[in-house]
Amino acid sequence: MQVIKTIKKMQATSLNLKRTRASIGFVPTMGALHEGHLSLIRRSRRENDVTVVSIFVNPIQFGPSEDLNRYPRPLQQDLRLCMQEKVEYVFCPRPEDMYPEGFKTFVEVRELGAVLCGASRPTHFRGVTTVVAKLFNAVFPDRAYFGQKDCQQAVIIERMARDLNFPVMIEVLPIIRERSGLALSSRNAYLDPAQKKDALVLSKALSSAAVLIRGGTRDAARIKRVIRTMVSAAHSVKIDYIAIVDKQTLKPVKKIQDSCLIALAMWIGKTRLIDNIVVNAQNRKAG
Ligand code: PAF
């Protein structure tokens, strides 16, 4: 496994790989790797000749009062995991290489980046799309892998890749959960045991909503009320949003027709957690 620290070296390496016609799979991460990331890496290894994992805690996707400084950075452990997974290249650029003095260019996907998480994190998605565009221009991947856990991010990146003609296939893989139902997230490390228990209401509320929809409930407002009641029973949980939207446009759905995305964001103490489920209303058994 080779660890690459500069954009120039990454570009040269990827261009050499392309000359040999090797396909490049890319898993962008901010490190603190967990089973969710490993599922993306494993898929990339299956589908491509070579896999590149990037580890970069991207400062421009954090708001001024967010957790940039305390975001976990267990680099040695991450490198060990990448080695175990037989990743060929780990790209760890430095912030000053990604954003040198005078940096002024941003990539913004309008509308999709302003709703749901974008409403309370107004500069977040422009930070994500800017860094992902820069990473694509360093790695030149054939396929790039993202988790459904960050469903809005996945929709926005798909849109960006299409709008800006990035020659990359975006693959979105299912959420990986603990046995308890809690969606894996690097931010789960912030939770104490009581908060972790409270955090289970997110996945429980989503499952209950899915059961209601599959059982014939179509009124989104009613489903949101049920979620709100369930979540409010957990004392440490504060609701950021409960949304039922179209899974492509992210526009609110009033009456559920076929499938919909239910997305939640909650504060548990100082930790903001998100979770979601795509429910197919026509399918009475599975979503
Ligand atoms: O999902 C993440 O970990 C980040 O938002 C990403 C895509 C690596 C960009 O920094």
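Residues numbered from 1 in each chain as written. Predicted model: local features only at pLDDT ≥ 70, side-chain atom pairs only at ≥ 80, totals over all residues. Heavy atoms only, no water.

**Student:** Tell me about the site of the ligand, and please be specific about residues and values.
**Tutor:** Taken together, Pro-28, Thr-29, Met-30, Asn-58, Gln-61, Val-131, Phe-146, Asp-150 and Gln-153 form the complete shell of residues around the ligand. Gln-61 places a side-chain nitrogen or oxygen 2.6 Å from an oxygen atom of the ligand. When the free accessible area of the ligand is taken as 290 Å², the share hidden by the protein chains comes to 89%. Here the shell around the ligand is built from residues that sort into four nonpolar, four polar and one charged. (Near = heavy atom within 4 Å. Polar contact = N/O pair within 3.5 Å; in protein donor to acceptor, adjacent residues only side chain to side chain. Areas by Shrake-Rupley, 256 points an atom, 1.4 Å probe, with all protein chains shown as cover. Nonpolar A, V, L, I, M, F, W, Y, C, P; charged D, E, K, R; others polar.)

**Student:** Can you explain the packing of aromatic side chains? Please cite residues and give values.
**Tutor:** Under the defined criterion, the tally for this structure stands at six aromatic pairs. Aromatic pair Phe-26 and Phe-136: ring centres 6.3 Å apart, planes at 70 degrees, arrangement edge-to-face. One end of the pair, Phe-26, is in strand E2 (residues 24-29); the other, Phe-136, is in helix H6 (residues 124-139), and 110 residues separate them in sequence. Here Phe-26 falls in the buried class, since its relative accessible area comes to 0%. Looking at Phe-136, the relative accessible area reads 2%, which means it is buried. An angle of 40 degrees between the planes, with centres 6.3 Å apart, marks the rings of Phe-56 and Tyr-99 as tilted. (Phe/Tyr/Trp six-rings, centres within 6.5 Å; stacked < 30°, edge-to-face > 60°. Helix = DSSP H or I, 4+ residues; strand = E, 2+ residues; numbered from the N terminus. Buried < 20%, exposed > 50% of the residue type's maximum accessible area, 1.4 Å probe, protein only.)

**Student:** Break down the nonpolar core for me, citing the residues and quoting the values.
**Tutor:** Residues Val-52, Phe-91, Val-132, Phe-136, Val-139, Met-160 and Ile-170 are the most contacted members of the largest nonpolar core, which totals 47 residues. Here the element with the most residues in this core is H6; it accounts for nine residues. Look past the residues within four positions of Ile-170 in its chain and what remains in contact with it is Phe-136, Ala-144, Phe-146, Ile-157, Glu-158 and Ala-161. Ranked by size, the runner-up nonpolar core spans 29 residues in total, among them Leu-182, Ala-205, Ala-220 and Ile-256. (Core = buried A, V, L, I, M, F, W, Y, C linked by side-chain atoms within 4.5 Å. Contact = heavy atoms within 4.5 Å.)

**Student:** Mind laying out the sheet that holds strand E4 (residues 89-91), listing which residues take part and the relevant values?
**Tutor:** Strand order across the open sheet formed by six strands is E1-E4-E3-E2-E5-E6, with parallel pairing between neighbours. Lying at the two open borders of the sheet, with one neighbouring strand each, are strand E1 (2-4) and strand E6 (169-173). If you compare each strand with its neighbour and ignore which way they point, the axes differ by 25 degrees on average. Across five bridges, the pairing between strand E5 (residues 143-147) and E6 is parallel. Considered in E6, the bridge of Gly-147 is made with Leu-173. Against the sheet, helix H3 (residues 75-84) contacts E1, strand E3 (50-55) and E4, and its axis sits at roughly 170 degrees relative to E3. (Pairing = 2+ DSSP bridges. Axes fitted to C-alpha atoms, helices over the stretch in contact; angles between N-to-C directions.)

**Student:** Kindly report on the pattern of salt bridges, identifying the contributing residues and their values.
**Tutor:** Summed over the entire model, instances satisfying the criterion amount to 13 salt bridges. Its salt-bridge partner being Arg-43, residue Glu-171 comes within 3.3 Å of it at the nearest N-O pair. Taken together, the residues span a long stretch of sequence, with Glu-171 in strand E6 and Arg-43 in helix H2 (residues 35-47) at a distance of 128 residues. Across the pair Glu-88 and Arg-45 runs a salt bridge whose closest N-O atoms are separated by 3.4 Å. Placement of Glu-88 in the loop between H3 and E4 and of Arg-45 in helix H2 is noted, with a sequence separation of 43 residues between them. With relative accessibility at 24%, the residue Glu-88 sits in the partly exposed group. It is possible to trace a salt-bridge network through shared partners that takes in Arg-43, Glu-47, Arg-143 and Glu-171. (Salt bridge = Lys/Arg side-chain N within 4 Å of Asp/Glu carboxyl O.)

**Student:** Give me the environment of Ile-60: which residues, what numbers.
**Tutor:** By the element assignment, Ile-60 lies in the loop between E3 and H3. When its relative accessible area of 22% is taken as the criterion, Ile-60 is described as partly exposed. Each C-alpha atom, one on Ile-60 and one on Trp-267, is 21 Å from the other, the two residues being 207 residues apart in sequence. The residues contacting Ile-60, other than those within four sequence positions of it, are Tyr-99, Phe-106, Thr-123, Gly-127 and Thr-130.

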